[in-house]
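Residue strings, one per chain:
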Amino acid sequence: MSAVREGLPEGRYGRSADERTDRKLKIIGSALGALLLGVVGWIGWRYISSQSVSAEVIKFQVISDTEVKVHLEVRKEASVTGVCSLSSQDEGHGEVGRADFTFAQDRSRVDEVVTLKTTSRATMVELVGCAPAASAH
């Protein structure tokens, strides 16, 4: 009885074609993964660095059926005049007030309480967005 060999002895004649293909796929996958990570990082950095004016609603208080006091914290470059838009909604999610507020203070962080006029009782306030005064929406 003789032993029947189906292939070449492993490791005797170098790597098989499958191993070479696997190695190439790993290299290509790693390169594409690194490229994708770089692109996502670059897009994130551009988005953050392009926002020269940003704000956050700290709290709001409904004063009456026609008025809401909103405490805003605005972050901007000291030399930039910022404009922030606020919107308020009623219980049925209908818009009852919208206004733009300008922040021209020569500081990079501004804490201010503003008054938003409404057409009926508001139940929520939303910061729509902020922009430099020259390109405000």
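Residues numbered from 1 in each chain as written. Predicted model: local features only at pLDDT ≥ 70, side-chain atom pairs only at ≥ 80, totals over all residues. Heavy atoms only, no water.

## Digging into the overall build of the protein chain
Here's step 1: Looking only at helices and strands, one finds 1 helix and 6 strands in the protein chain.
Here's step 2: For the protein chain, the N- to C-terminal ordering of α and β elements is α-β-β-β-β-β-β.
Here's step 3: The buried share of the protein chain, reckoned over its 137 residues, is 23%.
Here's step 4: Sequence-distant contacts, at least 24 apart, represent 59% of the contacts inside the protein chain between residues at least 6 apart.
Here's step 5: Carbon and sulfur atoms form 54% of the exposed surface of the protein chain, whose accessible area is close to 10,000 Å². (Helix = DSSP H or I, 4+ residues; strand = E, 2+ residues; numbered from the N terminus. Buried < 20%, exposed > 50% of the residue type's maximum accessible area, 1.4 Å probe, protein only. Contact = heavy atoms within 4.5 Å. Areas by Shrake-Rupley, 256 points an atom, 1.4 Å probe, with all protein chains shown as cover.)

## Comments concerning the sheet that holds strand S4 (residues 95-103)
Here's step 1: Strand order in this open sheet of 3 strands is S4-S3-S6, and the pairing throughout is antiparallel. Edge strands, defined here as strands with exactly one partner in the open sheet, are S4 and strand S6 (124-132). Across the sheet, the mean angle separating the axes of adjacent strands is 20° when strand polarity is ignored.
Here's step 2: The pairing of strand S3 (residues 82-89) with S4 spans 8 bridges and is antiparallel. When the sheet's bridge partners are listed, Ser88 is paired in S4 with Gly97. (Pairing = 2+ DSSP bridges. Axes fitted to C-alpha atoms, helices over the stretch in contact; angles between N-to-C directions.)

## Focus on unusual backbone geometry
Here's step 1: Of note in this structure, His93 is not a glycine but carries a positive phi near 65°.
Here's step 2: Residue placement: His93 occurs in the loop between S3 and S4.
Here's step 3: A relative accessible area of 60% means that His93 is categorised as exposed.

## Here we look at the state of the cysteines
Here's step 1: All chains considered together, the criterion is met by 1 disulfide.
Here's step 2: The side chain of Cys84 participates in a disulfide bridge whose partner is Cys130; the two sulfur atoms lie 2.1 Å from each other. Because the sign of the S-S torsion sets the handedness, a value of about 110° for the bond joining Cys84 and Cys130 places this disulfide among the right-handed ones. In this pair, Cys84 sits in strand S3 while Cys130 sits in strand S6, placing the two residues 46 residues apart along the sequence. (Disulfide = S-S within 2.5 Å.)

## Re the pattern of salt bridges
Here's step 1: Under the definition given, this model contains 6 salt bridges.
Here's step 2: Across the pair Arg75 and Glu73 runs a salt bridge, and its minimum N-O distance is 2.8 Å.
Here's step 3: For Glu73, a relative accessible area of 15% translates into the label buried.
Here's step 4: Several salt bridges converge on common partners, so that one network encompasses Glu73, Arg75, Arg109 and Asp111. (Salt bridge = Lys/Arg side-chain N within 4 Å of Asp/Glu carboxyl O.)

## Quick look at the sheet that holds strand S2 (residues 67-76)
Here's step 1: One open sheet accounts for 3 strands, arranged S1-S2-S5; its pairing is antiparallel. In this open sheet, the two strands that pair with only one neighbour each are strand S1 (53-64) and strand S5 (109-117). Taken over all neighbouring pairs, the strand axes of this sheet differ in orientation by 20° on average, direction set aside.
Here's step 2: Of the strand pairs in this sheet, S2 and S5 are connected by 9 bridges, and their pairing is antiparallel. The residue bridging Glu73 from the neighbouring strand is Asp111, located in S5.

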